[in-house]
Amino acid sequence: MVPGFDCLPTQVIAGIIFSSHAKMVTPRENLFKIFRHEMPEWIPVAGHCDPYNQPSREGMDPDLAAALGEVRWSDTSTVTFSRYLGLDIMDWFGAPFRISRRKVEVQSVTEGDKTTNIWHTPKGDLREVICVCRDITGAVSSNRTEHLVNSPDDIPAFAAIFEDEVIEPDPEGIARAKQRRRLIGNDGLLMGSMDGTPLGMMYRIYSGVAALAYLWADAQNAMRDLFAVMEKNYLERLAVAARSDIDVLVGVDDTSTTAISPAMFEECNLALTDERVRVAHEHGKLYFHHSCGHIRDLLPLYRLTKMDAVHAFSVPPVGNVTIAEGRKALGNRITIITGVKELAGPMEDRPAVRASIHRMMQEAGPWDHFILNVVAYPNRTMEQTKFVADCCREFRK
């Protein structure tokens, strides 16, 4: 049981009936039932919207389009999107800490959608280039075309960045988190996104996959020392965020065996994950591990940790593991939070789409540690998205 969650209120506040035997509880309490290892009254179906994952404006209700506006990270778009569809809310919000630096300076030059950063550290200079990618659908993402760490020679300067940083509460961010919790109310949970594991941050942000492979082969001891420096910093960030009104801390790792091996995860991330969980639980928070890649061969290792959920569990064709396989590999404690793959595939045959969704949900039985996440797709209209959401909600255990 997560410390602090045994005293959550259980009185009747509102009732939303999604199954033939649902009881009168709020969506928030229904979600917490899962993490108290109780049977939920209904299978939670939550929504998600962000700059990269946002619905097509084609045929969209003008009032919804106006309410969404230009979608930005940590804005209220997930709340708006979820409430429009009548879904549970699992909002995505940046963890409210701020970072200051004492000796390290960053020189930035932006030309259109390209930003070049030069990091001046006591151990030398590092350079990265970040490009904003804009899809014709309106989706927006940022990608590194040059990374900070490319060889063992870059490690001392890179470590110096984390050693130099001062982590403090962000008063404005904390106030926004409190305001967002009030906005969500009893309709769901507020998730605080933060850095993934040092290993994950290297392939995602700081070195890329290819350079990380060489670094791990050629400078393994130096990499272990670097990861210790990075994680000390990340734990300070997590501890600050855990004292806010956020309900869940989410380590955004994008874990995938297309980037690392299970052996690398086992060596670098098992004890680290449990320490993150310990800090989160001490403050009455949950801890999710965001894994949107190929994770089939990592799930037995996840089972060894104390993580509360695998967030963004990806089924084929995006990922490489089914719900049934995942449930067996993870056991009966860790919750699977998965997207609905049918939004990514052909939808012309609506009966086939419905049947596919119901087959996937059937695999999740006994449905005590399972949450569906209807993610907005820029190539899907709200009509198509609502159809998929309705298919999820009509499923009967």
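Source: prediction; values computed, not measured.

The rules behind these values
Residues numbered from 1 in each chain as written. Predicted model: local features only at pLDDT ≥ 70, side-chain atom pairs only at ≥ 80, totals over all residues. Heavy atoms only, no water. Helix = DSSP H or I, 4+ residues; strand = E, 2+ residues; numbered from the N terminus. Rg over C-alpha atoms; globule rule 2.2 N^0.38 Å. Buried < 20%, exposed > 50% of the residue type's maximum accessible area, 1.4 Å probe, protein only. Contact = heavy atoms within 4.5 Å. Areas by Shrake-Rupley, 256 points an atom, 1.4 Å probe, with all protein chains shown as cover. Lys, Arg positive; Asp, Glu negative; His and termini not counted. Charge placed at Lys NZ, Arg CZ, Asp CG, Glu CD. Polar contact = N/O pair within 3.5 Å; in protein donor to acceptor, adjacent residues only side chain to side chain. 1 Å grid on protein atoms, 1.4 Å probe; cavity = no way out; pocket = protein on both sides within 12 Å on 5 of 7 lines; lining within 4 Å. Points joined across faces, edges and corners; volume = space filled by probe spheres on them. Nonpolar A, V, L, I, M, F, W, Y, C, P; charged D, E, K, R; others polar. Core = buried A, V, L, I, M, F, W, Y, C linked by side-chain atoms within 4.5 Å. Pairing = 2+ DSSP bridges. Axes fitted to C-alpha atoms, helices over the stretch in contact; angles between N-to-C directions. Salt bridge = Lys/Arg side-chain N within 4 Å of Asp/Glu carboxyl O. Expected span 1.5 Å × (residues − 1). Bend = angle between axes of the 7 residues up to and from the residue. Right-handed = clockwise from strand over helix to strand, strands pointing away.

(A) Seen up close, the overall build of the chain. Check the secondary structure of the chain and you find 13 helices and 14 strands. The C-alpha radius of gyration computed for the chain amounts to 21 Å, which stays within 12% of the reference 21 Å derived for 397 residues, consistent with globular compactness. Taken over the C-alpha atoms alone, the chain extends approximately 65 × 45 × 40 Å along its principal axes. Looking at the chain residue by residue over its 397 residues, the buried ones come to 55%. Looking at the chain alone, contacts between residues at least 24 apart form 70% of all its contacts between residues at least 6 apart. When the accessible surface of the chain is totalled, it reaches about 17000 Å², and 52% of it is carbon and sulfur. Put simply, the chain has 44 plus and 53 minus side-chain charges, and the middle of one group is 4 Å from the middle of the other.

(B) Structural view of the environment of D297. Mapped onto the fold, D297 is located in the loop between β11 (286-290) and α10 (299-304). Assessed through its relative accessible area of 43%, D297 is described here as partly exposed. Distance from D297 to S261, taken between C-alpha atoms, is 8.7 Å for residues 36 residues apart in sequence. Within the structure, the side chain of D297 is placed 3.5 Å from the side chain of R296, a separation counted as a polar contact.

(C) Local environment of empty space enclosed by the protein. The full count for this structure, using the stated rule, is two cavities of 30 Å³ or more. Space inside the second largest cavity adds up to approximately 40 Å³. In terms of lining, the second largest cavity is formed by C49, D50, R72, W73, S74, D75, S77, T78, D91 and W92. Secondary-structure elements contributing two or more residues to the lining of the second largest cavity are α3 (77-85) and β2 (88-94). For the lining of the second largest cavity, the residue count by class is three nonpolar, three polar and four charged.

(D) Expanded view of the nonpolar core. If you look at the biggest cluster of nonpolar residues, it comprises 76 residues, and the most contacted ones within it are F158, M202, Y206 and M230. One finds F97, A177, A239 and V279 within the second-largest nonpolar core, a separate group that totals 21 residues.

(E) Broad picture of the sheet that holds strand β4 (residues 105-111). Strands sit in the order β4-β5-β6-β7 across an open sheet of four strands; the sheet is antiparallel. Both edges of this open sheet fall to β4 and β7 (140-146), since each of them pairs with a single strand only. In this sheet, adjacent strand axes meet at a mean angle of 25° when their direction is disregarded. Bridge analysis of strand β6 (residues 124-134) against β7 gives six bridges, and the strand direction is antiparallel. Within β7, the position partnered with C131 by the bridge is N143.

(F) Summary view of the sheet that holds strand β13 (residues 335-339). Pairing in this closed barrel of eight strands is parallel, and the strands run β1-β2-β9-β10-β11-β12-β13-β14 around the ring. Strand-to-strand twist across the sheet, computed as the mean angle between neighbouring axes with direction ignored, equals 30°. The sheet contact formed by strand β1 (residues 45-48) and β2 spans two bridges and is parallel. Pairing of A46 across the sheet is with D88, part of β2.

(G) Spatial organisation of the pattern of salt bridges. Counting across every chain of the model gives 32 salt bridges. Of the charged contacts, one joins E29 and R36 as a salt bridge, the two residues approaching to 2.3 Å between their closest N and O atoms. Since its relative accessible area comes to 8%, E29 is described here as buried. Across the pair R278 and E282 runs a salt bridge whose closest N-O atoms are separated by 2.6 Å. You can see R278 and its partner E282 sitting in helix α9 (residues 262-282), four residues apart, about one turn around the helix. Taking the relative accessible area as the measure of exposure, E282 reaches 55% and is therefore exposed. One continuous salt-bridge network, built from bridges that share partners, spans E29, K33, R36, E38 and E41.

(H) Representation of the side chain of T78 within the structure. By the element assignment, T78 lies in helix α3. For T78, the residues in contact, after removing those within four places along its chain, are G47, H48, C49, M90 and D91.

(I) Up close: α9. The terminal C-alpha atoms of α9, which comprises 21 residues, lie 29 Å apart, in line with the 30 Å expected from a rise of 1.5 Å per residue. Within α9, the axis deviates most sharply at N269, by approximately 50°. Directly beyond the C-terminal end of α9, a positive phi value near 75° is found at G284.

(J) Here's a closer look at the pairing of strand β14 (residues 370-375). For β14, the buried fraction is high: six of the six residues fall into the buried class. Burial along β14 is two-sided: the residues F370, L372 and V374 and I371, N373 and V375 are all buried. When β1 meets β14, the two strands line up parallel, connected through four bridges. Residue pairing across strands places A46 opposite N373, the latter belonging to β14. Across four bridges, the pairing between β13 and β14 is parallel. In the sheet register, T338 faces β14, and the bridge partner there is L372. Crossover handedness for the path β13 to helix α12 (residues 350-362) to β14: right-handed.

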